[in-house]
Amino acid sequence: MPETRLERLDERLLDELLLTAVDDADPAEVMPSVEGPPGWTPQRRDAFLTFHRARALATPPVETVYAVVVDGRVCGAARLEPPPGPGATVEAGIWLGRSCRGRGVGGRALQLLAAQARGAGAVGLVAVTTAGNAGALGALRQVGASLSPAHAPGTPVPEPAARVDARLDLS
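What comes next is a walk through the structure. All values derive from a computational prediction rather than experimental measurement.

## A look at the packing of helix α4 (residues 105–119) against helix α5 (residues 134–142)
Okay, step 1: For the pair α4 and α5, the least separation of the axes is 8 Å and the interaxial angle reads 45°. Relative to α5, the element α4 is oriented oblique. Taken as a pair, α4 and α5 cross one another with a handedness that is right-handed. Touching Gly106, Gly107, Leu110 and Gln111 of α4 are Ala139, Leu140 and Gln142, all from α5.
Okay, step 2: Classifying every residue of the contact of α4 with α5 gives three nonpolar, four polar and no charged.

## Some details on the sheet that holds strand β6 (residues 146–148)
Okay, step 1: In spatial order, the strands read β1-β2-β3-β4-β5-β7-β6; together these seven strands make up an open sheet with mixed pairing. Only two strands of the sheet have a single neighbouring strand rather than two, namely β1 (4–8) and β6. Between one strand axis and the next, the sheet turns through 30° on average, direction left out of account.
Okay, step 2: In the packing of helix α1 (residues 11–24) onto the sheet, contacts are made with β1, β2 (64–70), β3 (73–81) and β4 (89–96), and the angle to β3 comes to roughly 110°.

## Considerations on the pairing of β3
Okay, step 1: The pairing of β2 with β3 spans seven bridges and is classified as antiparallel. Note on β3: the bridge partner recorded for Val65 is Arg79.
Okay, step 2: Between β2 and β3, which pair antiparallel in sequence order, lie two residues; one of them, Asp71, sits at a positive phi of approximately 50°.
Okay, step 3: As paired strands, β3 and β4 are joined by six bridges and run antiparallel to one another. Within β4, the residue paired with Arg79 across the bridge is Gly93.

Quick notes on the rules
- Residues numbered from 1 in each chain as written.
- Predicted model: local features only at pLDDT ≥ 70, side-chain atom pairs only at ≥ 80, totals over all residues.
- Heavy atoms only, no water.
- Axes fitted to C-alpha atoms, helices over the stretch in contact; angles between N-to-C directions.
- Helix = DSSP H or I, 4+ residues; strand = E, 2+ residues; numbered from the N terminus.
- Parallel < 35°, antiparallel > 145°, perpendicular 65-115°, else oblique.
- Left-handed = near helix turned anticlockwise from the far one by under 90°.
- Contact = heavy atoms within 4.5 Å.
- Nonpolar A, V, L, I, M, F, W, Y, C, P; charged D, E, K, R; others polar.
- Pairing = 2+ DSSP bridges.

Here you go:
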């Protein structure tokens, strides 16, 4: 398994994160939608930077964002919203560049993210994904999250776009 760590987002890492997003992800996978032609237009690049500066690098921050660093290279981002604190339940989110998917990085990043939240006193972690996101579902199961709706053997398989809510007790 590759060496995976989380580094708190700062301006230097934000520039690296943008380069990773442009080289290895679709804009729709990593940021809110922006009007205009598809792809990483100059407007989308600016919007990506503005989004993170307004949320993760703001004072006070709206969310805590970490660069997911794999074998010394930024390959995605992980976030907790709101920033974790005593008694809080936080929402987790992770995106990875295509070249880092399918290698166990998402599961390891989620373990590290849950540890960050727990270390700051959070008592719960929630996440939202879709039934078709096998990587996210596997990572959530790996850390012991309960999934709703849970797909039990012998029951109809939900549509790939169907929403799945996850909850992990951190206490």
